Amino acid sequence: MSEEIDHDRRRLLGVAAMAAAIVPLGLNSTASAITSATNTTFGPLKQIDAAF
Amino acid sequence: MNVGYAESDPPDGPPVILLHGWPYDIHTYVDVAPLLAAKGYRVIVPFLRGYGTTRFLSKDTIRNGQPSAIAADIVALMDALKIKKAIIGGCDWGARTANIIAALWPERVKAMVSVSGYLIGNQKAGKVPLPPKAELQWWYQFYFATDRGREGYEKYRRDFAKLIWQLASPKWNFEDATFDRTAASFDNPDHVSIVIHNYRWRLGLADGEAKYDDFESRLAIAPAITVPTITLEGDSNGAPHPEPETYAKKFSGKYAHRLIKGGIGHNLPQEAPKDFAQAVIDVDRF
C-alpha cells in the first residue's frame, strides 16, 4: 500500500513537538509537522496537528 | 485532528490548497499539483476528516461530518501551516468546503476555483422535497439515512465508491489501479461515520455540534462570496449539480464560469487537470 504510515511514531513525535501556532481567527490551533509516509504519486506525505 | 497532506514545492511559493470530495481523495489533484508546482505554487492537498491518513486525536471526539466542521479543519490547517491567505480550489465536498471558507473567512482566501459552483446549503433547505427526478439523483443520500445503508456502505464501501465514480463520470474510463489508489483512503477508521453523518446532517436527520452553530446560522442565509472566483463544470457530470445560471449572482467579486468539454465528469480535476490548473493560474491574476 503506497500510503502506509507508522502511526505510533507519528503520534509520539506529534505530541512531543506540539507547539502553539498563529491563531488569527480565534481557532485554537496546534501544530507539529513531520514527514511520515511516502506516496508513489505525490511523494512524501506529511502530518500535522491542526485543531479547531 | 492530525491532518495528512501532500505538499509540492516550492515551499515559499504562493500557497494553493486543493480539497477533494466524496468518494475521492487527494489523488483528485495528482496531475494538477505538478502543473501548479511547475508554475511556482506551493500546493497543499489535505485528506479531509475520515479519509486517508487524517486522524482524530481522541476516540471521544464526535465523528462529525457537517460541512462547517470540515471547513474549520482547513482553516485550522492553514493556521498550523502559518498560511494567512491561499488560493483554494475544490471539487464536490471540497468545493462546498472552499465555498464555506470563502464565505466565512474571506480574508483567508486570495481566490477560489470551485467545481459546480456555489454549494453552500443548510439543514432547513435540505428538508424541502425536490421534484421526483431530482430526488432520484440523491438515491445514495436516502440509502445512507437508513441503518441498512450504513451497514451496506461499511460492507461494500469500495464497490459503492466505484459505482459512484461510474455514475458521476460516465465517460471517464479510469483504470482499476487509479480507483484502487484512491479507495485505500476509504479504509480510514472514521470514514463511514463521517460520510454517513455528513449526509444525514444535510437532511436534518443528524445533529451537528453546538460549536459550529454560529457558522451554520451565517451559512443559512446563503451568503454571497466576494473573493475572485472561477467556477467549472464538466459537460458530462453525472452527479447532481446546479446549473451555472442559478448561482452566478452568488459571486459578487470578479467571476467567470467555464464549461469543460470532452466528456468530463464529476471528478473534474482528475479528468481534466490542465483545465483545472489553468483556472487556478487565471483566477490568481484576477
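In this text the structure is predicted, and so the values were computed from the model without any measurement. Every chain begins its residue count from 1, and numbering advances along the sequence as written. Going through the entries in the order they are written, you letter the chains from A and number the ligands from 1. Residues qualify for local features only when their pLDDT is at least 70, as the model is predicted, and side-chain atom pairs are given and counted only at 80 or more; totals for whole chains, interfaces and linings, by contrast, use all residues.

A separate point is the overall build of chain B. Strands here are runs of E lasting at least two residues and helices are runs of H or I lasting at least four, both read from the DSSP assignment and numbered beginning at the N terminus. What chain B contains, in helices and strands, is 13 helices and seven strands. Using C-alpha atoms as the atom set, the radius of gyration is obtained and then compared with a globule rule of 2.2 Å times the number of residues to the power 0.38. For 286 residues, the compact-globule formula gives about 19 Å, and the C-alpha radius of gyration of chain B, at 17 Å, lands near that figure. C-alpha extents for chain B along the principal axes are approximately 50 × 40 × 40 Å. The exposure label follows from counting other C-beta atoms within 10 Å of a residue's C-beta, where the C-beta atoms are placed from the backbone and the thresholds are 20 or more for buried and 12 or fewer for exposed, leaving partly exposed in between. For chain B, the residues scored as buried account for 51% of the 286 residues in total. Contacts in chain B between residues far apart in sequence, at least 24 positions, make up 81% of those at least 6 positions apart. Residue pairs are scored as contacts if the distance between their C-beta atoms, which are placed from the backbone, is within 7 Å.

Here the focus is the overall build of chain A. If you tally the helices and strands in chain A, you get one helix and four strands. Listing each helix as α and each strand as β along chain A from the N terminus yields α-β-β-β-β. Burial status across chain A gives 33% buried among its 52 residues. Sequence separation of 24 or more characterises 31% of the internal contacts of chain A that already satisfy a separation of 6 or more.

This brings us to the packing of helix H2 (residues 67–80) of chain B against helix H3 (residues 93–104) of chain B. Residue and element names in this part refer to chain B. Each axis is a line fitted through C-alpha atoms, and for a helix only the stretch in contact is used; angles between axes span 0 to 180 degrees, taken between their N-to-C directions. Running from N to C, H2 and H3 cross one another at 70°; their axes reach a closest spacing of 9 Å. Looking at the two axes, H2 sits roughly perpendicular to H3. Contacts between H2 and H3 involve Pro67, Ser68, Ile70, Ala71, Ile74 and Val75 from the first element and Trp93, Arg96, Thr97, Ile100, Ile101 and Leu104 from the second. When grouped by side-chain class, the residues that make up the contact of H2 with H3 number nine nonpolar, two polar and one charged. The cut-offs work like this: below 35 degrees is roughly parallel, past 145 is roughly antiparallel, 65 to 115 is roughly perpendicular, and the gaps in between are oblique. Polar here means any residue outside two lists: the nonpolar Ala, Val, Leu, Ile, Met, Phe, Trp, Tyr, Cys and Pro, and the charged Asp, Glu, Lys and Arg; Gly therefore counts as polar.

A few words on helix H7 (residues 147–168) of chain B. Between its first and last C-alpha atoms H7 of chain B spans 24 Å; for 22 residues at 1.5 Å apiece the expected length is 32 Å, and the helix comes up short by more than 12%. In the core, the buried residues of H7 of chain B are packed alongside helix H6 (139–144), helix H8 (176–183) and helix H9 (191–202) of chain B. Multiply 1.5 Å by the residue count of a helix minus one, and that product is the helix's expected span.

Residues and elements named next belong to chain A. Model confidence for chain A is summarised by a mean pLDDT of 55, while 23% of its residues fall at 70 or above. Summary of the metric used: pLDDT quantifies the predictor's per-residue confidence within the range 0 to 100. The element-level mean pLDDT for chain A is lowest in strand E1 (residues 19–20), coming to 34, with strand E4 (residues 43–49) highest at 92. Contacts from residues 1–31, a stretch scored under 50 in pLDDT, to residues over four places away or in other chains number 65 contacts.

What follows concerns helix H13 (residues 273–284) of chain B. Residue and element names in this part refer to chain B. For H13, built from 12 residues, the straight-helix expectation of 16 Å at 1.5 Å per residue is met to within 8% by its first-to-last C-alpha distance of 17 Å. For H13, the complete set of buried residues consists of Phe276, Ala277, Ala279, Val280 and Val283. Buried residues along H13 cover an arc of 150° about the axis, so they all sit on one side. This arc is built from the directions going out from the helix axis to the C-beta atoms.

On a regular strand, each side chain points to the face opposite its neighbour's, so the side chains alternate between the two faces of the sheet. Residues and elements named next belong to chain B. With respect to burial, strand E2 (residues 15–19) is a largely interior element, five of its five residues being buried. Going residue by residue along E2, you find Pro15, Ile17 and Leu19 tucked away on one face and Val16 and Leu18 tucked away on the opposite face as well. Pairing between strands is defined by DSSP: at least two bridges between them are needed. As defined by bridge partners, E2 adjoins strand E3 (residues 42–46) across three bridges and the pair is classed as parallel. If you follow Val16 over to E3, its bridge partner there is Val43. Examined bridge by bridge, E2 and strand E4 (residues 86–90) share four bridges and lie parallel to one another. For Ile17, the partnering residue across the bridge sits in E4 and is Ile88.

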